[in-house]
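As a plain string of letters, each chain reads:
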Amino acid sequence: MSVSPSAPPKITRRRATQLLGGAIATGLITPPLFGQQPATAPTYSRLLSDEDLAFLDEMERAGCLYFTEQADPASGQVLDRATNKTSTGELDTHFASSIAATGFGLTALCISDKRGYLPTDRVKKQVIATLDFHLNKMPNEHGFFYHFNDIKTGKPLINVEVSSIDTAILLCGVLTARAYFHDPKITDLATQLYNRVDFPWMLNGGKTFSMGWRPETGFIATRWDHYSELMMLYLLAIGSPTHPISPDSWNAFTRPPMTFGPYSYISGRDPLFIHQYSHAWFDFARQRDAYADYFANSITATRAHKAFCLGLKRGYTDDYWGVSASDWQHGYTAWGGPPLMGPVDGSVVPCAAAGSLPFLPRECVHVLRALRDNFGADAWGRYGFCDAFHPDLHWFDPDVLGIDLGIGVLMAENLRTAFVWDTFMQNPEPVAAMKACGFHSSRQINPPTQNTGPVSSPNQQPATPSTNRPPNM
């Protein structure tokens, strides 16, 4: 989902995942997995310290700054990437915007207004400019947008696809803004953008979505057919008031079982971000469908990922772990695990832990603060953490990526106040879609189970987050 810093975009997160990990073959729908019950509900008397909360606020403020400074004032489009070591905040010389970064940006603008990072008039002006440009001036196909575009003109870059999943990320930001501002103009523009999307068209005659469409060759053969970040796309489509798809499509993608040590959960051979993106907006806590409790599933996936990193013997510790699709010293790649995928060389990717903040609050805050304390002079810039770094190789990415900053900003706010969840779920369409897919309270059918995750260290009690979200902080 990101552009290389020196060339037109030729690889996306999903494509890199396919090349490195291989796509999961379509098979029968897997039955509900054992081990998906939520852990015993913890007592959140003091989940995070004042210092933890101050750090999260600093990280959010820095990340939100990116989505105001690195957005074109006229189009509202957000740059895919920009230099982090800057003192001016001027619009970067990179020219490629990302439709997904713009979706994260619309949500970050709501956070900026809520927290008073920016004046409301300025925030609303940018939101309206963004919605108006995408509705009336931005090239689209059946309401779906091209993945990467010229930040000023909106014209798609060469060889770029119309992206189903990245359009879904944009729409999540659009609906968040609609629900938050309650402004007639924002409501009208946002509703038109969502209602225009012809979701059945992207099915291309099947029950699962194509990953995209190109004007020269038509639909991409690869489909969103196994569990990943796809949940937002399917739920937005099922809930569409104008161009819905059948709820049967919710049962059409596979949910492959993954086992790593004591951890059993649903996952393909994909980076950690797939367990985060849909959860940034859709509130899956305390709910499940016929297959899983997906919030509990992401908790398990994060625990497994940390254990995977520490077991590699490549320099990872409680103070230094986390790898998800990102830049690395030689370009851009989808890497991580389990199982091992890509050239994991001991680099760390801060958004891996930042995107899982609601799932393992103490452990994720701990590692992020340690990364800032130990490497902040090199790894931290105007917009927060650089995208990735490897201190032993003396490599610190000069850039930040909009989508990686975005997932950290949204999940930090969700951990602190549940703001994005509560705001987005005010929209009737996501609520109706989840009901149509059979979501119901997990409390009624799932007895508590013992936490089988390893203790991080002999002197530290394990964090015990569950599908019972902590109170506002």
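Residues numbered from 1 in each chain as written. Predicted model: local features only at pLDDT ≥ 70, side-chain atom pairs only at ≥ 80, totals over all residues. Heavy atoms only, no water.

### Quick look at the overall build of the protein chain
Rules: Strands here are runs of E lasting at least two residues and helices are runs of H or I lasting at least four, both read from the DSSP assignment and numbered beginning at the N terminus. Only protein chains enter the area calculation, which uses a 1.4 Å probe; residues under 20% of their type maximum are buried, those over 50% are exposed, and those in between are partly exposed. The contact rule is simple, with two residues in contact once any of their heavy atoms fall within 4.5 Å. Here, Shrake-Rupley sampling with a 1.4 Å probe gives the accessible areas, and only protein chains in the shown set may cover a residue.
Along its length, the protein chain carries 14 helices and 21 strands. The proportion of buried residues among the 473 residues of the protein chain is 63%. Of the contacts formed within the protein chain by residues at least 6 apart in sequence, a portion of 74% connects residues at least 24 apart. Looking at the protein chain as shown, the accessible area adds up to about 16800 Å², and 53% of this sits on carbon and sulfur atoms.

### Focus on the packing of aromatic side chains
To keep it simple, the criterion reads: For Phe, Tyr and Trp, where Trp contributes only its six-membered ring, two rings pair if their centres lie within 6.5 Å, and the inter-plane angle classes them as stacked under 30 degrees, edge-to-face over 60, or tilted in between. We call a charge positioned over a ring when the NZ of a Lys or the CZ of an Arg lies within 6 Å of the ring centre and within 35 degrees of the ring normal.
Evaluation of the coordinates by the stated rule reveals 35 aromatic pairs. Ring-pair connections join several aromatic residues into one group, and the members of that group are Phe-209, Tyr-227, Tyr-234, Trp-250, Phe-253, Phe-282, Phe-284, Tyr-294, Phe-424 and Phe-439. The positively charged end of Lys-114 is found above the aromatic ring belonging to Phe-419, 5.5 Å away from the centroid. The positively charged end of Arg-372 is found above the aromatic ring belonging to Trp-380, 4.1 Å away from the centroid.

### Some remarks on the pairing of strand S11 (residues 257-260)
Under the convention used in this document: In this description, strands pair whenever DSSP reports at least two bridges between them.
Sheet topology note: the S11/strand S12 (residues 263-266) ladder contains four bridges and is antiparallel. Paired with Phe-260 across the bridge in S12 is Tyr-263. The antiparallel hairpin formed by S11 and S12 contains two residues in its connecting segment, where Gly-261 sits at a positive phi of about 55°.

### Brief notes about the sheet that holds strand S6 (residues 162-163)
Ordered by their spatial adjacency, three strands build an open sheet running S6-S8-S9, and the pairing between neighbours is antiparallel. Strands with a single pairing partner mark the edges of an open sheet, and in this sheet they are S6 and strand S9 (218-219).

### A look at helix H12 (residues 402-417)
The line we're drawing: Here the expected length of a helix is defined as 1.5 Å per residue gap, with one fewer gap than residues.
The end-to-end C-alpha separation of H12 is 22 Å, in line with the 22 Å expected for 16 residues at 1.5 Å each. Within H12, 16 of the 16 residues are buried, leaving the element largely enclosed by the surrounding structure. Immediately downstream of H12, the backbone of Ala-418 shows phi near 60°, a positive value.

### A short note on the environment of Trp-395
Of note, Trp-395 is situated in strand S19 (residues 395-396). Overall, Trp-395 belongs to the buried group, its relative accessible area being 12%. For the pair formed by Trp-395 and Trp-328, sequence separation is 67 residues and the distance between their alpha carbons is 8.9 Å.

Any link to function would need more than the numbers given here.
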